[in-house]
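Listed below are the residues making up each chain.
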Amino acid sequence: MDYQQFRAMNSDIILAAEGSRDSLTLGFKLARDFINASEARFTRFTDTSELTRLNRAAGAWFQSSPELFDVVQLACALAAETNGLFDPTMLAALEAAGYDKSMDDIRAYGTSASSRSSGSTRSAFRAIQLDETHRAIHLPFGTRLDLGGIAKGWIAEQAALVLAEYADACAVSAGGDMFLVGLPAAEESWPIGLEDPRAPDRDLTTLHVGPGAVATSSIAKRRWQQGRRQQHHIIDPRTGEPAETDWLSVSVIAPHAALAEVYAKALLIGGSREAERIAAQRPEITYAAVDFNGQLWGSAQTEEVTNVIGVEYA
Amino acid sequence: MNKFQHKLRLLIAAGSTVGFLGGWALLAHAGKPVAAGAFTAVDDTVTTISIPANLPSIDFKALESANSSVNVQTFAPPPVTFQSFGRARLRTGGS
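None of these values were measured; they are calculated from a predicted model.

Caption draft 1: How the structure looks around helix α6 (residues 148-164) of chain A. All names here are of chain A. Over its 17 residues, α6 runs 24 Å from end to end, which matches the ideal 24 Å to within 8%, given 1.5 Å per residue. Every buried residue of α6 is accounted for by I150, A151, K152, G153, W154, I155, A156, E157, A159, A160 and L163. Next to the buried residues of α6 lie β2 (11-18), α1 (21-42), α3 (66-81), β6 (169-174), β7 (177-181) and α7 (257-279).

Caption draft 2: Highlighting the packing of aromatic side chains. Residue and element names in this part refer to chain A. One pass over the structure, following the stated rule, counts four aromatic pairs over all chains. Seen from their ring centres, F34 and W154 are 6.2 Å apart, and the 40° between their planes marks the pair as tilted. Linking F34 in helix α1 with W154 in helix α6, this pair joins segments that are 120 residues apart in sequence. By relative accessible area, F34 is classed as partly exposed at 22%. Taking the relative accessible area as the measure of exposure, W154 reaches 8% and is therefore buried.

Caption draft 3: Seen up close, the pattern of salt bridges. All names here are of chain A. For the structure shown, the criterion picks out 15 salt bridges over all chains. Linking K29 and D33 is a salt bridge whose minimum nitrogen-to-oxygen distance equals 2.6 Å. With K29 and D33 both in helix α1 and four residues apart, the pair spans about one turn of that helix. The class of D33 is partly exposed, set by a relative accessible area of 36%. A salt bridge links E274 to R238, with the nearest nitrogen and oxygen atoms 3.0 Å apart. Placement of E274 in helix α7 and of R238 in the loop between β13 (235-236) and β14 (241-242) is noted, with a sequence separation of 36 residues between them. One salt-bridge network, held together by shared partners, links D236, R238, E274 and R277.

Reading guide: rules and limits
- Residues numbered from 1 in each chain as written.
- Chains lettered and ligands numbered in written order.
- Predicted model: local features only at pLDDT ≥ 70, side-chain atom pairs only at ≥ 80, totals over all residues.
- Heavy atoms only, no water.
- Helix = DSSP H or I, 4+ residues; strand = E, 2+ residues; numbered from the N terminus.
- Expected span 1.5 Å × (residues − 1).
- Buried < 20%, exposed > 50% of the residue type's maximum accessible area, 1.4 Å probe, protein only.
- Contact = heavy atoms within 4.5 Å.
- Phe/Tyr/Trp six-rings, centres within 6.5 Å; stacked < 30°, edge-to-face > 60°.
- Salt bridge = Lys/Arg side-chain N within 4 Å of Asp/Glu carboxyl O.

Listed below in structure tokens is the structure:
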């Protein structure tokens, strides 16, 4: 297995692949170029990204690239499916909570925003219009999108598919949200360490995952101080505030990265009380949640996660 | 008076001499100190500690009923296994 590591999307990126060295060198380069180009397209932290231009165009139709259209379409569909527990229109709420610049900058300089009301409207995503024929997006006036997690998952999956053209088996991990293609030689699964959210240097267990996606949402990371309040980046769309949940993190194994990202976030926000109902929407996903005591939780079939889980890759 | 003083001096001198010689003899027959590290083990015997009886098993049913209001189940994961490949390990935990 060959590796390449670098930093993008405010995350540690790991490319892992098996195959001939010459072929992998080109595959790594193309996957890395794709990730860097996609970050420039989807980031909300620059004035020139396509996402920022879309947000500025709210109230009018915006002609988008195929990539942005794909992700916005996915985000709207999954927001409806989770009945708004995942909502891509929470950018104003995130900024009001203090997440108004990249996490690398917040860690270095702190947040500049003071706590204020976001003015977010619940379920604003339902008013977004998509014109597939002309590949155009219409955001309601005043609505802005944050595609953070779902875009990161989508980028990891697309980059893995690029790399897979040059590899026998490969994985692309973007800060622990990953997409796996094929299986390592002589292995029946990919071993993925499940990080302990209370002690990130330690793993709670090893997940044995087949081809497909793994994503984790956590309230233990991306935290900052806003006045006297500890804030985190998982906004509960029902309140417009950082979610109050009895779980620290939720990891989801799913056939596709966007699905894993969205359900990890929805399950984390819903917590133990709503987990069964949320997970029932998608029988093909498996989740493992970690509570404040480091205890693992999951649905009836989740115990298999720590043995062997095979996900059909479509 | 001078005769009494003379006798007293002789008595003190004799007592001192006897005391000094007695102390010398006592120390000469006492055990000598040993330099650090010069000890030698008497034998290799190791004291065995008795092993306590088996710990009582956890009553999972009782734990389950304590959490009956929650619709999800908890489970104990097996220990972390080592990666089968060399360098960066794939891990998930949010970012």
